[in-house]
Amino acid sequence: MGLLFRYTILLGTLLQVVSAAHVTQNLWSLYYTIKQTGYCRNTLKGGFATIEGQGPDYVYCGDHLKSEGIVYIQGVNGNLAALGPSCAGDTYRYNDDFDSYCDSSLDNPVNPTTFQPIIQSYNVGVSDFNPYVTSFVTFGNVESKNPGFISFDPRKYGIEPMSIIAVVCNNRMFYGIWGNMNKDDGPPLVGEASGSIAKLCFGSYFDYYYSSNHTDILYIAFTGKDAVVGPHGAKWNATTIREFQDSIEAQGNRLIEKRIKCWSPVYCQLSKVPAH
C-alpha cells in the first residue's frame, strides 16, 4: 500500500480530530513519521519498559532534539508509550468533576510529586499538583543506587521543570506539565501521566488496564524557558480539568506552532483539503 493511499485513508478521521482538538497537520505528520520510522536513531537513554513485566524496549529519543528542541518516548516496531494513570500529588483537593478514582490508590496519602517544592514556591494557594485537575506528566527517572534501576534526567538535555508536555492520545491531543519523575520503587518505567490526562484521553470511565496497555501515546517535551509554566501561566486553583487545560492551551499551541515542522509534505498538503 503506497504512502499517499495510507494517508488518504486517515484523512477523513484526522481532519475531524484536527478541528476538535487543535492537532495541527505538522504534529500529525510528526506522529506518523515517528511510528513509521519504527525506532529511535538518537537514543538519549534506553532500557525502559512502558508496561510492567514487558521488555525494556523503550527509550528517551532525541531524533528531533536539535531540529525542533523536543524529546519524546519511543519503543520499537512503531510502538510509542502507554499511559499509566498517576495519583501522585494532592488528592484531597476538591474537584468539581466529582472524580474519586484515586481514593483507593496506593499513591495515597503521602506521595508528593517531584516538583512539589516549585509549586509551593509559586505561592498560588496550592501545595502540589491535583491529579484530578492539574494535569501533569511523569517524565524522566530519578537518580538511584538501586541495582538495575536506570535513571534519566531530562534537564541534562534542556527540558525545564514545570514545562509543557504535549500528549497525543486516542486521536486527540492535550497538554500536561512536567511535574513528576518515575521513582525507584519498581522497575524503570516510562509512560505515566495524571489521572486527569487519562480521563481526557479515554473518557470519564477510563479503564486503567486499557490506558496502561495501549502503546500509542506520544509524549513530547520541549526544551527552553519558553516552555515553562510559571506562577502566572496556569490556573493552579482550577477545580475542573477543562478549566486547567484552557489555562495552558495557548502556551502549548505556541510551542507546537513554533517548533513542530511538517515531516510529510504529502500528508500536510492533504490535510489542507476542506472536509465535506
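Residues numbered from 1 in each chain as written. Predicted model: local features only at pLDDT ≥ 70, side-chain atom pairs only at ≥ 80, totals over all residues. Heavy atoms only, no water.

Going by an unreviewed UniProt entry, the chain carries the name Endo-chitosanase and comes from Pochonia chlamydosporia 170. UniProt, in the comment section headed Sequence similarities (unreviewed entry), describes the chain in these words: "Belongs to the glycosyl hydrolase 75 family." What the UniProt record of the chain gives under Function (unreviewed entry) is the line "Chitosanase catalyzing the endo-type cleavage of chitosan, the deacylated form of chitin. Chitosanase may be crucial in the degradation of the deacetylated portion of chitin in the fungal cell wall." (UniProt positions renumbered as here; feature names shortened; annotations may be inferred.)

Asks: Quick one: what's the story with the overall build of the chain, residue by residue and with numbers?
Replies: Across its full length, the chain carries eight helices and nine strands. A total of 276 residues make up the chain; the buried ones form 53% of that total. For the chain, contacts bridging at least 24 residues in sequence account for 74% of all contacts bridging at least 6. Per element, the accessible surface of the chain, about 12,300 Å² overall, is 53% carbon and sulfur. (Helix = DSSP H or I, 4+ residues; strand = E, 2+ residues; numbered from the N terminus. Buried < 20%, exposed > 50% of the residue type's maximum accessible area, 1.4 Å probe, protein only. Contact = heavy atoms within 4.5 Å. Areas by Shrake-Rupley, 256 points an atom, 1.4 Å probe, with all protein chains shown as cover.)

Asks: Before we move on, could you go through the state of the cysteines and cite the residues and values that matter?
Replies: Under the definition given, this model contains two disulfides. Two residues, Cys40 and Cys61, share a disulfide whose sulfurs are 2.1 Å apart. Here Cys40 and Cys61 share a disulfide; its torsion about the S-S bond, 90°, makes the bridge right-handed. One end of the pair, Cys40, is in the loop between helix H2 (25-37) and strand E1 (43-48); the other, Cys61, is in strand E2 (residues 58-61), with 21 residues separating them in the sequence. Residue classification places Cys61 among the buried positions, given a relative accessible area of 0%. Across a sulfur-sulfur distance of 1.9 Å, Cys169 and Cys201 are joined as a disulfide pair. Taking the sign of the S-S torsion, about -85° here, the bridge from Cys169 to Cys201 comes out left-handed. Of the two residues, Cys169 is situated in strand E6 (residues 164-169) and Cys201 in helix H5 (residues 195-202); the sequence distance between them amounts to 32 residues. (Disulfide = S-S within 2.5 Å.)

Asks: Which residues make up the sheet that holds strand E5 (residues 136-141), and what are the values?
Replies: Sheet architecture is open: nine strands sit in the order E1-E2-E3-E9-E6-E7-E5-E8-E4, paired in mixed fashion. Each end of this open sheet is capped by a strand with a single partner; those strands are E1 and strand E4 (84-86). Pairwise comparison of adjacent strand axes, ignoring direction, gives a mean angle of 30° for this sheet. Pairing geometry for E6 and strand E9 (residues 218-222), over four bridges, is antiparallel. Residue pairing in the sheet places Val167 in a bridge with Tyr219 of E9. Strands strand E3 (70-74), E6, strand E7 (172-182) and E9 of the sheet are contacted by H2, whose axis makes an angle of about 120° with E9. The sheet contacts of H5 involve E4, E5, E6, E7 and strand E8 (192-194), and relative to E7 the element is tilted by about 160°. (Pairing = 2+ DSSP bridges. Axes fitted to C-alpha atoms, helices over the stretch in contact; angles between N-to-C directions.)

Asks: How would you sum up the packing of aromatic side chains? Please name residues and give values.
Replies: Under the criterion given, the structure shown has twelve aromatic pairs. Judged by centre distance (4.9 Å) and plane angle (90°), the rings of Phe115 and Trp178 are edge-to-face. Of this pair, Phe115 sits in the loop between E4 and helix H4 (116-122) while Trp178 sits in strand E7, placing them 63 residues apart in sequence. Residue Phe115 is classed as buried on the basis of its relative accessible area, which comes to 5%. Judged by its relative accessible area of 0%, Trp178 is buried. An aromatic cluster is present here, built from Phe48, Tyr60, Phe139, Phe152 and Tyr157 joined pairwise through their rings. (Phe/Tyr/Trp six-rings, centres within 6.5 Å; stacked < 30°, edge-to-face > 60°.)

Asks: Tell me about H5, and please be specific about residues and values.
Replies: In terms of burial, H5 is a largely internal element, eight of the eight residues being buried. Residues of H5 that are buried include every one of Gly195, Ser196, Ile197, Ala198, Lys199, Leu200, Cys201 and Phe202, and no others. One or two positions beyond H5, positive phi appears at Gly203, with a value near 100°.

Asks: So what's going on with the pattern of salt bridges? Residues and values would help.
Replies: If you walk through the whole model with that rule in mind, you get seven salt bridges. A salt bridge links Lys225 to Glu160, with the shortest nitrogen-to-oxygen separation between them at 3.5 Å. Here Lys225, found in the loop between E9 and helix H7 (241-259), pairs with Glu160, found in the loop between E5 and E6; they are 65 residues apart in sequence, far enough to count as distant. Among the residues examined, Lys225 registers a relative accessible area of 63% and is labelled exposed. With its nearest N and O atoms 3.7 Å apart, the salt bridge here joins Arg242 to Glu249. Overall, Arg242 belongs to the partly exposed group, its relative accessible area being 38%. Residues participating in the shared-partner salt-bridge network are Asp226, Lys258 and Arg259. (Salt bridge = Lys/Arg side-chain N within 4 Å of Asp/Glu carboxyl O.)

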